Amino acid sequence: MNTENPRLAIVIPCYNEEQALPITANVLLELLDRMSADGLVSDDSYLLCVNDGSRDATWNTIEKLHATDPRLKGISLAHNRGHQNALLAGLMTSIDRCDIAVSIDADLQDDPEAIIGMVKKYRDEKAEIVFGVRSSRESDTWFKRATAHGFYSFQNSMGLETIYDHADYRLMSNRALKLLSEYGEQNLFLRGIIPLIGLKTAIVTYARNPRVAGESKYPLSKMLSFSIDGITSFSARPMRWIFMTGLSFLVIDIIVALYVLGSYCFTSTVVPGWTSLMLSVWFLGSLILIAIGIVGEYIGKIFIEVKNRPRYAIEKSLL
Ligand code: UDP
Ligand code: MG
């Protein structure tokens, strides 16, 4: 561990961020200047922008910024692979080129000043993974806040250990990065994987700001599919739930059977039964569909994993 004068890489996934990037680059380069002047990080610390197959002029912007300050480096993925894969591409590219890496979004919603606190935890407390945790989400809309909190609680109830209000803003030591590189899964959910790495961890809290420019690339549909990915990649509990539901239905079924047989033997009225039949057909039908859907979700995961495709392809780089 080089805690004396560590080389810091700040990894920034960028998807259609032509508006935010120049502002972000300015803020972060100024932060690097300050940190190296204070002797916190080495002079050759740098920013690494990962262009995640943007459809706007993000890569051009990166090239221009690189020409004015070579401490801003970039790689460009061959196509849009999503935030998690873009982040991984950046972290893996920085493995041989840094002592510590911090990942941060391009919109500066996560307060960059917290990086100073993270580096201090690394230097003074020898923490190898430092999680950035939001102390407040006032700048998010109530809807975003409520759905995000709903997902955290749901995920935890499903047996996925994530850190509450921690997104992908964190510091990792070179050793932690090397351990991360050994996880070969396709269905990436870094927030779930990183607590599994072990090593000494610490937490830094910060207030979350509104986006500096542009709009969110995470609509509800993406958040929902991200959350489902998280659960099905890490826990088999949904399958256990199906089994338990089936078991309770069996118990109810026995009671109903006793009642039906009792009525048949001891009363002479014929029950038309249309309503109850329709209800149970629909209810069981939907239950079976849900069950098949959940099983399908896992089979889909196996399908993707066995293909073992590369998770990203780097098309261009400015390093
Ligand atoms: N991002 C990415 N690929 C995508 C979607 C998003 O690299 O397919 C990046 C985006 O440029 C930003 C970060 O991921 O730096 C987080 O996205 P955003 O701020 O839009 O999400 P939110 O903060 O609204 O959840
Ligand atoms: Mg954002």
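Residues numbered from 1 in each chain as written. Chains lettered and ligands numbered in written order. Predicted model: local features only at pLDDT ≥ 70, side-chain atom pairs only at ≥ 80, totals over all residues. Heavy atoms only, no water.

**With respect to the site of ligand 1**
- As a matter of local geometry, ligand 1 sits amid 19 residues, with Glu17, Asp52, Asp107, Ser216 and Lys217 nearest to it.
- Tyr15 places a main-chain nitrogen or oxygen 2.8 Å from an oxygen atom of ligand 1.
- Protein burial of ligand 1: of its 530 Å² of free accessible surface, 95% is covered by the chains. (Near = heavy atom within 4 Å. Polar contact = N/O pair within 3.5 Å; in protein donor to acceptor, adjacent residues only side chain to side chain. Areas by Shrake-Rupley, 256 points an atom, 1.4 Å probe, with all protein chains shown as cover.)

**Regarding the packing of aromatic side chains**
- In total, this model carries four aromatic pairs according to the counting rule given.
- Ring geometry for Trp142 and Phe143: centres 5.9 Å apart, planes at 90 degrees, overall edge-to-face.
- Looking at Phe143, the relative accessible area reads 40%, which means it is partly exposed.
- Aromatic pair Phe189 and Phe226: ring centres 4.8 Å apart, planes at 55 degrees, arrangement tilted. Taken together, the residues Phe189 in the loop between α6 (174-180) and α7 (190-197) and Phe226 in helix α8 (residues 220-234) connect sequence positions 37 residues apart. Each member of the pair Phe189 and Phe226 is classed as buried. (Phe/Tyr/Trp six-rings, centres within 6.5 Å; stacked < 30°, edge-to-face > 60°. Buried < 20%, exposed > 50% of the residue type's maximum accessible area, 1.4 Å probe, protein only. Helix = DSSP H or I, 4+ residues; strand = E, 2+ residues; numbered from the N terminus.)

**Regarding the coordination of the magnesium ion (ligand 2)**
- For the magnesium ion (ligand 2), the protein coordination sphere consists of Asp107 (OD) and Gln109 (OE1), at 1.9 to 2.0 Å.
- Its relative accessible area of 4% is what places Asp107 among the buried residues.
- Judged by relative accessible area, which is 12%, Gln109 ranks as buried. (Donors = N, O, S within 2.8 Å, 3.2 Å for Na, K, Ca; no water.)

**Examining the nonpolar core**
- Within the largest apolar cluster, 38 residues are counted, with the highest numbers of intra-cluster contacts made by Leu8, Ile10, Ile12, Leu28, Met35 and Ile115.
- For this core, the secondary-structure elements that each account for two or more residues are β1 (8-14), α1 (20-37), β2 (46-51), α2 (58-68), β4 (100-103), α4 (114-125), β6 (166-173) and β7 (201-207).
- Ranked by residues supplied to this core, first place goes to α1 with seven residues.
- Beyond its immediate chain neighbours, meaning those up to four positions away, Ile10 contacts Leu28, Leu32, Tyr46, Leu47, Leu48, Val102, Ile104 and Ile115.
- In this structure, Val50, Ile75, Ile129 and Leu190 belong to the second largest nonpolar core, which totals 28 residues. (Core = buried A, V, L, I, M, F, W, Y, C linked by side-chain atoms within 4.5 Å. Contact = heavy atoms within 4.5 Å.)

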